[in-house]
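Inside the fold
In case you want the letters, here they are:
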Amino acid sequence: MDLTQIIDTFAFYSAAGLALLGALGVAFSRQVLHACLCLLPCLFGVAVCYGLLGAHLLFAVQILVYVGAITVLILFAVMLLQRSLGRGILAGQQHLLGSVVATGAFMLIIAIAVIYTHGTPWKPLNLPLTEPGITSHNVQLIGELLMTTYLLPFEAVSVVLLVAMVGAIILARRERDTEPTSGETPEAREGDSA
Amino acid sequence: MKLPPLPPMPPLPNIPMPWPVGLTHYLLFAMLLFAIGLFTVLSRKHAVGILLGIELMLNAANVNLVAFSHFLSPRGTAGSLELNSVLDGQVFALIVIALAACEAAVGLAIILRLYRNLGSTNLDEVAKMKW
């Protein structure tokens, strides 16, 4: 076992441990805010796993989109809710027995499948399995793939993103005209709009 | 009615070694991540907690996609698009990440609207459409 392999192994176990600890924090935190913050190390660990698998673009995208955008979005929403509730939001747990049983059954099935297939000489269908080639410098290839083979899913995702953005704005917008809040007189509202 | 006899048990499974890190390690890692996400979704009371669980599950699926494409795809010479299936999993994972962003945005908007209309984000109290 050469040095690269040792470093790879060490990095994998560190990243996976970090991610799993973060995930446990997400599952068992008392407050929603803490659960959101626990998501950060979890996502970072997953990003390191992408890096170890040679997916450098995904490493960057994971940190930019997940850590930088999605987690911050969730944090914003939690703080908005917390401000209107006036206290920390407790993330209580319930149906614990059912959850444990379902999760355990899932883990049992998947673990049996994974461990029994360990060491299987997988071969892609009808394709030659040659020596491990270069998986670095593949960012350009991904761009070419997105513009050629995967053009249709790419465009579909862009439409979905647009629709989701418009939908989120419409859903979260405060409708002042149709929903007069209590304690707000019509004169005040007119003054507001003027 | 008599059931057909069970097939003989397969031989003992190959227990994965701690190193070198191979496909099985990534699959087991993704399984644990997915299981924790599933537990979060099933056990949380608060709507945002359930969203967090869904994010965990999506990440686990992404790890699986990238790991399979890394370990199982045929390797051609770099730059040849004939053997581009090396990167299929990565492209799938990219698309999944984009959809996860959509899901988070719309889900949080729905939760905010829920709170504004019903005054609660506890999903057990949101039973208006149940009869």
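Structural notes, computed from the coordinates.

Cut-offs used in this document
- Residues numbered from 1 in each chain as written.
- Chains lettered and ligands numbered in written order.
- Predicted model: local features only at pLDDT ≥ 70, side-chain atom pairs only at ≥ 80, totals over all residues.
- Heavy atoms only, no water.
- Phe/Tyr/Trp six-rings, centres within 6.5 Å; stacked < 30°, edge-to-face > 60°.
- Helix = DSSP H or I, 4+ residues; strand = E, 2+ residues; numbered from the N terminus.
- Buried < 20%, exposed > 50% of the residue type's maximum accessible area, 1.4 Å probe, protein only.
- Expected span 1.5 Å × (residues − 1).
- Core = buried A, V, L, I, M, F, W, Y, C linked by side-chain atoms within 4.5 Å.
- Domains from an automatic or database assignment.
- Contact = heavy atoms within 4.5 Å.
- Arc of directions from axis to C-beta.
- Patch = residues over 30% accessible without salt bridge, like charges linked within 9 Å, V, L, I, M, F, W, Y side chains within 5 Å.
- Areas by Shrake-Rupley, 256 points an atom, 1.4 Å probe, with all protein chains shown as cover.
- Salt bridge = Lys/Arg side-chain N within 4 Å of Asp/Glu carboxyl O.
- Axes fitted to C-alpha atoms, helices over the stretch in contact; angles between N-to-C directions.
- Parallel < 35°, antiparallel > 145°, perpendicular 65-115°, else oblique.
- Nonpolar A, V, L, I, M, F, W, Y, C, P; charged D, E, K, R; others polar.

1. Examining the packing of aromatic side chains
- According to the stated counting rule, one finds six aromatic pairs over all chains in the structure shown.
- Arranged with centres 6.3 Å apart and planes meeting at 85°, the rings of F12 of chain A and F29 of chain B form a pair that is edge-to-face. A residue pair is termed interchain when its members come from two chains, as with F12 of chain A in helix 1 (residues 3-28) and F29 of chain B in helix 1 (residues 23-43). Comparing F12 of chain A with F29 of chain B shows no difference in burial state: the two are buried.
- Measuring from ring centre to ring centre gives 5.4 Å for F28 of chain A and F39 of chain B, while their planes differ by 40°; the resulting arrangement is tilted. One end of the pair, F28 of chain A, is in helix 1; the other, F39 of chain B, is in helix 1, on a second chain.
- Exposure remark for F28 of chain A: the relative accessible area of 48% places this residue in the partly exposed category.
- A relative accessible area of 9% places F39 of chain B in the buried class.
- Grouped by ring-pair contacts, the aromatic residues F12 and Y13 of chain A together with Y26 and F29 of chain B constitute a single cluster.

2. Some remarks on helix 1 of chain B
- For helix 1 of chain B, with 21 residues, the first-to-last C-alpha span of 30 Å sits near the 30 Å given by 1.5 Å per residue.
- Here helix 1 of chain B lies mainly inside the structure; 16 of its 21 residues are buried.

3. Considerations on the nonpolar core
- By size, the foremost hydrophobic cluster in this structure holds 68 residues, and its most contacted members are C36, L58 and I74 of chain A together with Y26, F29, L33 and V48 of chain B.
- Counting residues per element, the ones that place at least two in this core are helix 1, helix 2 (32-52), helix 3 (56-85) and helix 5 (139-147) of chain A together with helix 1, helix 2 (47-72) and helix 3 (88-118) of chain B.
- Examining the composition of this core, we find that twelve residues originate from one element, helix 3 of chain B, more than from any other.
- The residues that make up this core include at least three from each of domain 1 (1-115) and domain 2 (133-181) of chain A.
- Not counting the four nearest positions on each side in its chain, V48 of chain B is found in contact with V32, C36, I74, V78 and L81 of chain A together with I111 of chain B.

4. Some details on the environment of L52 of chain B
- Within the secondary structure, L52 of chain B is located in helix 2.
- Along the backbone, L52 of chain B and A101 of chain B are 49 residues apart, and their C-alpha atoms lie at a distance of 12 Å.
- With residues up to four places along the chain from it excluded, the contact list for L52 of chain B reads V26, A35, C36, L39 and I74 of chain A.

5. Quick notes on helix 6 (residues 151-172) of chain A
- Compared with the 32 Å implied by 1.5 Å per residue over 22 residues, the 31 Å span of helix 6 of chain A between its first and last C-alpha is a close match.
- Buried residues of helix 6 of chain A: V157, A164 and A168 of chain A, and no others. The buried residues of helix 6 of chain A occupy one face: seen down the axis, they fall within an arc of 25°. Turned more than 90 degrees away from the buried face of helix 6 of chain A, the exposed residues are L152, V163 and I169 of chain A.
- Close packing links the buried residues of helix 6 of chain A with helix 3 of chain B.

6. Details of a nonpolar patch on the surface
- A cluster of nonpolar residues, L162, M165, V166, I169 and I170 of chain A, forms a patch on the protein surface that exposes about 480 Å² of accessible area.
- With respect to the helices and strands, M165 of chain A occurs in helix 6.

7. Looking at the environment of I95 of chain B
- Positionally, I95 of chain B belongs in helix 3.
- According to the relative accessible area criterion, I95 of chain B is buried, its value standing at 16%.
- Counting along the chain gives 32 residues from I95 of chain B to V63 of chain B, while the straight-line C-alpha distance between them is 13 Å.
- I95 of chain B has contacts with P153 and V157 of chain A, leaving out every residue within four places of it along the chain.

8. Section: the packing of helix 2 of chain B against helix 3 of chain B
Residue and element names in this part refer to chain B.
- Where helix 2 meets helix 3, the closest approach of the two axes is 9 Å, and the angle between their N-to-C directions is 175°. Taken as axis vectors, helix 2 and helix 3 run roughly antiparallel relative to one another. Contacts between helix 2 and helix 3 involve A47, V48, L51, I54, E55, L58, N62, L65, V66 and S69 from the first element and G89, Q90, F92, A93, V96, I97, A100, E103, A104, G107, L108 and I111 from the second.
- Taken together, the residues that form the contact of helix 2 with helix 3 break down as 15 nonpolar, five polar and two charged.

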